Amino acid sequence: MGLGLQSLKKAGAAILGVVFLTGLILPCREILAAEQYPFIYDTTGLPEEPYLILTETVGEYTVHPGDSLWKIAEKQLGDGNFYPQLIAANPDVLTDPDLIYPQTRLHISRTGYIRRAEAARGGLQMGEYSFDMPYGGTVGTMQSGEAGGNFVLSQGAAGSSDWQIACLVQDRTAEAPEGDSDWQTYTQQITAYARAQYGAQVSDLHFEHYRVDDQGDAAGELYLYSYIWQISPDDYPELTCRVCAGFKLTDHLQAEFIGYTLDDYDIQGCIRYVTASFEEHFDAENAETFTVNNSNMCITPETDWPPEGMYNSFAYIDEFFTSLLNRAAEQKSEPEQKGRYHSFTE
């Protein structure tokens, strides 16, 4: 379960609505994020500026009587005009696009692109790897209780953040997911874990899987999951944030990006963009010594959970906000304690 927020009850109703946490403001509002890094499915006119091509795995579909590729594309992809993507995803099955049979199993995927809007700024170049930096972001460290990161991207005025992204890059592990079947197992494990450990504190849990193809060093498997996190469901149910975790596998490395926002920032699109832009710079001449594990990059706390090889974002977010709110409760109680002390001595 969560780490508990019993000390918050001492803070009173003043924390509800807007909580000031050493300069960090937690607004109570619905999250209606505008897409700042949209995934665009129409690839008929690719932009002149740099872009990333992603193929999204949607799932499987069984053809029903009366179906056509247009109807299936409209139902599964949101637009009948995307039916050529069904043909491209099923070349062995759809040999004649005008002739499909009931009970045929189709692989549903769609290809789109993300404009590399920040590529011109150079991104973050770390020798063995690089990735694009979200506009306005800075690099630093973060610590809240046991939750912390020594390579954290953030945006906002001094003492506050519109968003934060904790980064973890390491050598590829044997436990990392590979392909659709592994990811389906991971989604089941993540869903069961979130339900069992946090219940209603986690909602809107959503999963995505992409393949980044024909992108040179940026090619690889890309996995995302996002959710709404209720920061204090019992005491302050309106206090929520949007969380997104991105995971990318290249030939020799794996990168994870755990981001959250308390505002209407498009954290899901941002994490998708940053994760997709990650690329390794493998040195074939020094293959035996190629490693990033000596960089000491980390995210804490480290906890065991069913999806092996992937960081537990739930434990990180839980500890992060629990510590902040407990600290806010303590800071609020200090003036009250001082006031009672002075009146007693007088």
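What counts and how
- Residues numbered from 1 in each chain as written.
- Predicted model: local features only at pLDDT ≥ 70, side-chain atom pairs only at ≥ 80, totals over all residues.
- Heavy atoms only, no water.
- Helix = DSSP H or I, 4+ residues; strand = E, 2+ residues; numbered from the N terminus.
- Buried < 20%, exposed > 50% of the residue type's maximum accessible area, 1.4 Å probe, protein only.
- Contact = heavy atoms within 4.5 Å.
- Areas by Shrake-Rupley, 256 points an atom, 1.4 Å probe, with all protein chains shown as cover.
- Pairing = 2+ DSSP bridges.
- Salt bridge = Lys/Arg side-chain N within 4 Å of Asp/Glu carboxyl O.
- Disulfide = S-S within 2.5 Å.
- pLDDT = per-residue confidence, 0-100.

Looking at the overall build of the chain
Then, in step 1: What the chain contains, in helices and strands, is five helices and 15 strands.
Then, in step 2: Every one of the 346 residues in the chain was classed for burial, and the buried ones make up 47%.
Then, in step 3: Here the contacts in the chain between residues at least 6 apart in sequence split such that 69% fall between residues at least 24 apart.
Then, in step 4: Just so you have it, the chain exposes about 16900 Å², and 48% of that area is on carbon and sulfur atoms.

Brief notes about the sheet that holds strand β14 (residues 279–280)
Then, in step 1: Taken in spatial order, the three strands line up as β5-β6-β14 in an open sheet, and their pairing is antiparallel. Across the chains shown, the open sheet's two edge strands, defined by having one partner strand only, are β5 (124–125) and β14.
Then, in step 2: Bridge count between strand β6 (residues 129–131) and β14: two bridges; the pairing is antiparallel. The residue bridging tyrosine 129 from the neighbouring strand is glutamate 280, located in β14.

As for the pattern of salt bridges
Then, in step 1: Taken as a whole and judged by the stated rule, the model has 10 salt bridges.
Then, in step 2: Of the charged contacts in the structure, one is a salt bridge between arginine 116 and glutamate 279, with a shortest N-O distance of 3.9 Å. Pair noted here: arginine 116 is in the loop between β4 (105–115) and β5 and glutamate 279 is in strand β14, with a separation of 163 residues, a long-range link. The same class applies to arginine 116 and to glutamate 279, which are both buried.
Then, in step 3: Put simply, Arg116, Asp132 and Glu279 are held in one network by salt bridges that share partners.

Here's the deal with the state of the cysteines
Then, in step 1: All told, the structure shown has zero disulfides when counted by the stated rule.
Then, in step 2: Cysteine 167 takes part in no disulfide bond, and the closest cysteine sulfur, belonging to cysteine 270, lies 10.0 Å away.
Then, in step 3: The buried category is assigned to cysteine 167, whose relative accessible area is 1%.
Then, in step 4: Among the cysteines around cysteine 270, which has no disulfide bond, cysteine 244 carries the closest sulfur, lying 9.0 Å off.
Then, in step 5: For cysteine 270, a relative accessible area of 0% puts it in the buried group.

Some details on the confidence of the model for the chain
Caution is warranted with low-pLDDT regions, since their predicted coordinates should not be read in detail.
Then, in step 1: With 85% of its residues at a pLDDT of at least 70, the chain reaches an overall mean of 84.
Then, in step 2: Confidence drops under pLDDT 50 across residues 1–32; counting only partners more than four residues distant or on other chains, this segment forms 80 contacts.
Then, in step 3: Across residues 337–346, where pLDDT falls below 50, the model places zero contacts with residues more than four positions away in sequence or in other chains.

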